[in-house]
Amino acid sequence: MIQVIVDSGIDQNVWLQENYAYDFMPLNIIVDGQLYLDQEDLNLETLHSMMKEGKRATTSQASPGQILEALDKYRIQGDDVIYICLWQGF
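Residues numbered from 1 in each chain as written. Predicted model: local features only at pLDDT ≥ 70, side-chain atom pairs only at ≥ 80, totals over all residues. Heavy atoms only, no water.

Participant: Describe unusual backbone geometry, listing the residues and the values that go with them.
Facilitator: Backbone geometry at D32 places phi at a positive 50°, although glycine is not the residue there. Take D32: it is sitting in the loop between β3 (28–31) and β4 (34–37). A relative accessible area of 53% means that D32 is categorised as exposed. Not every positive phi belongs to a glycine, and Q39 is a case in point at roughly 65°. Position of Q39 among the secondary structure elements: in the loop between β4 and α2 (44–52). For Q39, a relative accessible area of 45% corresponds to the partly exposed category. (Helix = DSSP H or I, 4+ residues; strand = E, 2+ residues; numbered from the N terminus. Buried < 20%, exposed > 50% of the residue type's maximum accessible area, 1.4 Å probe, protein only.)

Okay, here's the thing in structure tokens:
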């Protein structure tokens, strides 16, 4: 089987979530030094509220350990994986 994993940087929407089966890899969101996992520890409305209060927010990709853990789960099952993630072009 082929398993698709997407990170939260691809701006998935409700239609995508309801019509396709995929695994989710949250981005890290750092607000004033506090780490949150996107859509798990922090939703968009709360993040916007924090930013309106003047708090500084940055993001970072999932750690290599988080990615390897997700990939290993499917490797053990014998599945192939397509990982779709946020990236920056040149």
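Participant: How would you summarise the environment of H48 if you had to cite specific residues and measurements?
Facilitator: Summarising the element assignment, H48 is placed in helix α2. As for H48 and I2, which are separated by 46 residues in sequence, their C-alpha atoms are 35 Å apart.

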